[in-house]
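The lines below spell out each chain.
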Amino acid sequence: MPTKSARKTVLVVPLDWGLGHATRDIPIIHELLNAGCNVVIAAEGKHAALLGQEFPQLTILPLPGYRIQYAQKGWFFGPKIIQQIPQIIKSIKYEQRWLQQVVKEHNINAVISDNRFGLYHRDIPTVIISHQLLIKTPFGGIIETILQKINYRYIRKYGTCWIPDYAGANNLSGILGHPKTLPANTKYLGCLSRFENRPDVPKKYDLLVLISGPEPQRSNLEKMVLDQVAALPISALIVSGKPGTPETKQITDRIQQVNHLNAKELNEAMLGADMVLSRSGYTTLMDLVKLNKKAILVPTPGQSEQEYLGKFLMKKGFFFNVNQSEFRLEKALEDIKSFPFKSFEHEEDMEQYKQVVRDFAASL
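Residues numbered from 1 in each chain as written. Predicted model: local features only at pLDDT ≥ 70, side-chain atom pairs only at ≥ 80, totals over all residues. Heavy atoms only, no water.

Caption draft 1: Local environment of the overall build of the protein. Assigned secondary structure in the protein consists of eleven helices and 14 strands. Taking 2.2 N^0.38 as the reference for a compact globule, 364 residues should give roughly 21 Å; the C-alpha atoms of the protein span a radius of gyration of 20 Å, in line with that estimate. Its C-alpha atoms give the protein principal-axis dimensions of about 60 × 50 × 35 Å. In the protein, which comprises 364 residues, the proportion classed as buried is 58%. For the protein, contacts bridging at least 24 residues in sequence account for 66% of all contacts bridging at least 6. (Helix = DSSP H or I, 4+ residues; strand = E, 2+ residues; numbered from the N terminus. Rg over C-alpha atoms; globule rule 2.2 N^0.38 Å. Buried < 20%, exposed > 50% of the residue type's maximum accessible area, 1.4 Å probe, protein only. Contact = heavy atoms within 4.5 Å.)

Here it is as structure tokens:
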């Protein structure tokens, strides 16, 4: 292990889009630390709270996120995002200026950006993580083609693009991470999850509900679940996805609600549940696959990526998918009894990412 002064310092920065980018960076940060690197994180708000809880010994620099606002109604999701493109471009330009200064002040030797576009640097190695080489929109066609060209223009500014998926036909991201043409600097990471599968965890819940994603849709799904679950003859744990605000409620003698669980607690809860109900956010999907869990997916309304992934993975037989507008918990629990769940076939490769991160650390 190199001395502290000789260690290379890597800056890790997650996108502020839900919590998935922050949580999927946790195993990467662990692997960088295992490889003898110093790690500095940049984040704000609940992302900084979550990563600060997992890594209290690390420096977390304040960096504003893109702070995208989301529509109350799903069908306004796409137009609402497009309306904010000038704001996103402004944020990208700001983080590029911010990075030039931070590299000097903190002696940064490399950057790993999880889907933030302005964190490339001409003098040090930089990596961008993305499972969306093709960006799905409600409009399809020419709009997706234009967005892909813009996406690739930014990706090519980085030394490498890590895709958290498998290269072959048996994959999780479908056309999102396997478009017809890939940038030349791409490398597949395999499944990226902070969780560990263990056979010795006893069953505790019939259902684990993971509420996540941007407001107001996070609260919308939470309300739907709370309105319906108490009347059902099941045991359940509801995790509301609000780190930094610890709170526990006993809904009934069989149903408990918590605002947040740390990685170890959530790992245990997932292993101890017969069934998981969650959004079809990509990080959650990787966690489910890593733990070989059955799940009911409820995509965030209007979020084309999640809607595509839900349908794609239901067609493959990995998970059961239902639109939020049609979601009835009792009916979903009945429907899954006849759904032929299939297991993902990459169980032996679940730590593929570790070698990629080690090789990157060794190259610095």
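Caption draft 2: Structural detail: the pairing of strand β4 (residues 110-114). The element β4 is largely enclosed, with a buried count of five among its five residues. Residues of β4 alternate between two faces, with A110, I112 and D114 on one and V111 and S113 on the opposite face, all of them buried. Two strands pair when backbone bridges link them, and strand β1 (residues 9-14) and β4 are joined in this way by five bridges, in the parallel orientation. Bridge pairing links V13 to S113 in β4. Bridging between β4 and strand β5 (residues 126-129) involves four bridges; their strand directions are parallel. When the sheet's bridge partners are listed, I112 is paired in β5 with V127. (Pairing = 2+ DSSP bridges.)

Caption draft 3: Fine view of unusual backbone geometry. Here N107, not a glycine, exhibits a phi torsion of approximately 50°, which is positive. Overall, the relative accessible area of 56% leaves N107 in the exposed class.

Caption draft 4: Spatial organisation of the packing of aromatic side chains. In the structure shown here, the tally under the stated rule is eight aromatic pairs. Between the aromatic rings of Y120 and Y158, the centroid separation amounts to 5.9 Å while the plane-to-plane angle is 80°, which identifies the pairing as edge-to-face. Linking Y120 in the loop between β4 and β5 with Y158 in the loop between α5 (141-155) and β6 (160-163), this pair joins segments that are 38 residues apart in sequence. Residue classification places Y158 among the buried positions, given a relative accessible area of 3%. Where Y308 meets F312, the ring centres are 5.6 Å apart and the plane angle is 10°; that geometry is what we call stacked. Taken together, the positions of Y308 and F312, both in helix α9 (residues 304-316) and four residues apart, correspond to about one turn of that helix. No difference in accessibility class separates Y308 from F312, as the two residues are buried. Members of the aromatic cluster, each reached through a chain of ring pairs, are Y166, F318 and F344. (Phe/Tyr/Trp six-rings, centres within 6.5 Å; stacked < 30°, edge-to-face > 60°.)

Caption draft 5: Summary view of the domain arrangement of the protein. For the protein, the assigned domains read domain 1 (9-194 + 350-363) and domain 2 (205-338). One C-alpha centre belongs to domain 1, the other to domain 2; they are set 24 Å apart. Taken together, the contacts link 38 residues of domain 1 with 30 residues of domain 2. In this assembly, domain 1 packs against domain 2 so that about 2900 Å² is buried in total across both faces, 60% of it on carbon and sulfur atoms. Counting across the interface, domain 1 meets domain 2 through zero salt bridges. Mapped onto the side of domain 1 that touches domain 2, the elements with two or more residues apiece are α1 (20-34) and α2 (45-54). For the side of domain 1 that touches domain 2, the leading source of residues is α2, giving five residues. Of the residues assigned to the side of domain 1 that touches domain 2, the class counts are 16 nonpolar, 15 polar and seven charged. (Domains from an automatic or database assignment. Buried area = accessible area lost by both parts, 1.4 Å probe. Salt bridge = Lys/Arg side-chain N within 4 Å of Asp/Glu carboxyl O. Nonpolar A, V, L, I, M, F, W, Y, C, P; charged D, E, K, R; others polar.)

Caption draft 6: Local environment of the environment of F195. Within the secondary structure, F195 sits in the loop between β7 (186-188) and β8 (205-210). Classification of F195 by relative accessible area gives buried; the value is 0%. Taking C-alpha positions, F195 is 31 Å from A6, a pair spaced 189 residues apart along the chain. Discounting residues that sit within four places of it in the chain, F195 has contacts with A263, L266, N267, M270, D287, K290 and L291.

Caption draft 7: How the structure looks around a nonpolar patch on the surface. On the surface, F139, I142, I143, I146 and I150 cluster together into a nonpolar patch covering about 440 Å² of accessible area. Along the polypeptide, I143 turns up in helix α5. (Patch = residues over 30% accessible without salt bridge, like charges linked within 9 Å, V, L, I, M, F, W, Y side chains within 5 Å. Areas by Shrake-Rupley, 256 points an atom, 1.4 Å probe, with all protein chains shown as cover.)

Caption draft 8: Structural view of the pattern of salt bridges. If you walk through the whole model with that rule in mind, you get 16 salt bridges. Where K223 meets D227, a salt bridge forms, and the shortest distance between an N and an O atom there is 2.9 Å. Placement of both K223 and D227 in helix α6 (residues 217-229) is noted, with a separation of four residues, approximately one turn of the helix. Here K223 and D227 have matching classes, each one exposed. Residues E334 and K337 are paired through a salt bridge, measuring 3.2 Å at the closest nitrogen-oxygen approach. Since its relative accessible area comes to 48%, E334 is described here as partly exposed. Taken together, the salt bridges that share partners define one network made up of R198, D200 and E268.

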